[in-house]
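In case you want the letters, here they are:
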Amino acid sequence: MKRSTRWTASLVAACLSFAGLMQTAQATLVATEQVAASEGVRSATAQRDYVNATLARDDVAAGLAERGVSVEQARARVAALTDDEVAVVAHTLDTAPAGASDVLGVILTVFIVLLITDILGFTKVFPFTRSIR
Amino acid sequence: MQTRALREQPPVDLARSAELAGTPFFAQTDYQCGPAALATVLAAAGFPADPGELGPQVFLPARTGTLQIEMIAGARRAGAVATRVPATLEAVLREVQAGHPVVVLQNLGLSWIPAWHYAVLVGYDIAAGEVLLRSGTTRREAMTMRTFEHTWKRSGSWAFVALPPGQWPVTVQEAAAVEAGVGFERVAPPSQAVAVYRSALARWPANLSLAMGLGNSLHASGDLRGAAEVFRAAATQHRSAPAWINLSGTLLELGEKGAALEAARSAQASGDAAWQVQSDAALQEALGQR
């Protein structure tokens, strides 16, 4: 190596090691929420996030679309559930096998019930239904 | 029917009646029973509360109502610890007896045509079979205990108490305290979260989540030494990988590389598959610093 290159190389090396010393180790700590979830305590928000994340899965969304239900409509339905109802859906999704068809089964059951009640005029969740009352 | 059971066999340590007459009142406007109820309990707990300000935060016009999550989050953003209370009539009455007004979610309609409504329970009279609520535009609404029980049951008996950090509902259960602490930690200044976790750990010293919460909050508040002590105690007590991981990270920040490496190795040794990736990362961090 030419002397100037070696000099540059050692300068760069010195800078790098100096930077390593100066680096304040910002440790990556495990978040409390993650530990709590592992201990079985999942907040209502986390449960909603979990159900919505399941809806956003490509295979689930495709299955819903095949049946004429958009992800937005599914989300709106989830948003209309109480926290305890979401917890039930989340638990059912947890305990069901993870295949798309099983997940769809859970979600569609929730949907069909609501379609019927919309048509019978007891609820008005879907804009496309016309109630008989 | 809890009402009948309570009236026939009232628990000896439950007062026959109680009324929190000093609880403030904020009349609701339009659909905003949520902000009004929230303001009521926040003001009762000594926090500044203005339904007009809370409204935009917790009220969702598209739904013409407030999600339960938003109520709890709204309380936390105001600096209060919002904790779910057990879903029993006795529990909410005990809270009133203890001086804690309770936000309750009622379904004033039918189970298939719900009319959700937030109100604040401020009193009861077992002999008369009545409860008292701050509700809607009525400062002192008397409702039969039976009707209250029905309308409240239809919401899943959802209720919470809002208190200053360090205080807990008298009927609080361990899981609800963990949920409340973790939620509070997300939005509160670290020093406040420390107070919450310390008070919870005093009651439930064997709870790992609470210990991790305390350690993380101490860390976030800049007390690295304190955080390390808490993580070490939790790691030893629970043989917990995440506690070792966080101990290792904190020790690295304190410049104690040898001890950090030891802690990271302990995390690996715990053999818990759920924490494998993070244990590996902690070990790499500890090694990288040498």
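Presented here is an overview of the structure given in this document. Keep in mind that what you see is a predicted model, and the values were worked out from it rather than measured.

## Here we look at the overall build of chain A
The number of helices and strands found in chain A is 7 helices and 0 strands. Secondary structure elements of chain A occur, N-terminal to C-terminal, as α-α-α-α-α-α-α. Looking at the 133 residues of chain A, the share that counts as buried comes to 21%.

## Overview of the overall build of chain B
Secondary structure summary: chain B contains 13 helices and 7 strands in total. Evaluated residue by residue, chain B yields a buried proportion of 49% over its 290 residues. Summarising the internal contacts of chain B: among those between residues at least 6 apart in sequence, 58% fall at separations of at least 24.

## Some points on the packing of helix α2 (residues 33-44) of chain B against helix α4 (residues 68-77) of chain B
All names here are of chain B. For the pair α2 and α4, interaxial distance at closest approach is 10 Å and the crossing angle is 35 degrees. Here α2 runs over α4; the crossing is right-handed. On α4, the residues that touch G34, L38 and L42 of α2 are M71, G74 and A75. Grouping the amino acids of the contact of α2 with α4 by side-chain chemistry returns 4 nonpolar, 2 polar and no charged.

## A word on the environment of B:Q2
All names here are of chain B. Residue placement: Q2 occurs in helix α1 (residues 2-8). We classify Q2 as partly exposed; it has 16 C-beta atoms within 10 Å. Separated by 88 residues in sequence, Q2 and E90 place their C-alpha atoms 8.1 Å apart. In contact with Q2, not counting residues within four places along its chain, are T88, L89 and E149.

## Digging into the nonpolar core
In terms of nonpolar packing, the biggest core is built from 96 residues, with B:L38, B:L42, B:V102, B:V103 and B:A162 touching the most fellow members. When residues of this core are assigned to their parent elements, the largest contribution, 9 residues, is made by α2(B). When residues of this core are assigned to domains, at least three map to each of domain 1 (2-163) and domain 2 (174-288) of chain B. Those residues in contact with B:A162 that lie beyond four places of it in its chain are B:V41, B:L42, B:A45, B:A75, B:A80 and B:A82. Core analysis: the next-biggest nonpolar cluster, separate from the first, contains 12 residues, A:V51, A:V69, A:V89 and A:L104 among them.

## Some details on the pairing of strand β5 (residues 130-135) of chain B
Residues and elements named next belong to chain B. Burial runs high along β5: 5 of the 6 residues are buried. In the sheet, strand β4 (residues 116-125) pairs with β5 via 5 bridges, with the strands oriented antiparallel. Residue pairing for β5: G123 is matched across the bridge by L132. Hairpin connection, β4 to β5: the antiparallel pair is bridged by 4 residues, and G129 has positive phi, about 65 degrees. Both β5 and strand β6 (residues 138-144) contribute to a ladder of 5 bridges, which runs antiparallel. Of the residues in β6, the one forming a bridge with E130 is T144.

Rules of the game
Residue indices begin from 1 for each chain and proceed along its sequence in written order. As a convention, the first chain written is A and the first ligand written is 1, with the rest following in written order. Local features in this predicted model are restricted to residues whose pLDDT is 70 or higher, and side-chain atom pairs enter the listing and the counts only when it is 80 or higher, whereas totals over whole chains, interfaces and linings include all residues. Secondary structure elements are defined from DSSP: runs of H or I of at least 4 residues count as helices, runs of E of at least 2 residues count as strands, and each element is numbered from the N terminus. Once C-beta atoms are placed from the backbone, each residue is buried if 20 or more other C-beta atoms lie within 10 Å of its own, exposed if 12 or fewer, and partly exposed for counts between those two. The contact criterion used here is simple: two residues whose C-beta atoms, placed from the backbone, lie within 7 Å are in contact. In this analysis an axis means a line fitted to C-alpha atoms, helices contributing only their contacting stretch, and an angle means the value between N-to-C directions, from 0 to 180 degrees. The sense of a crossing depends on the near helix, which, turned anticlockwise from the far helix by less than a right angle, makes the crossing left-handed and, turned clockwise, makes it right-handed. Throughout, the ten residues Ala, Val, Leu, Ile, Met, Phe, Trp, Tyr, Cys and Pro are labelled nonpolar, Asp, Glu, Lys and Arg are labelled charged, and all others, Gly among them, are labelled polar. In these notes, a nonpolar core means any group of buried Ala, Val, Leu, Ile, Met, Phe, Trp, Tyr and Cys residues linked to one another through C-beta atoms within 7 Å. Where each domain begins and ends is defined by an automated method or by a domain database. By definition, two strands form a pair when at least two bridges between them are found by DSSP.

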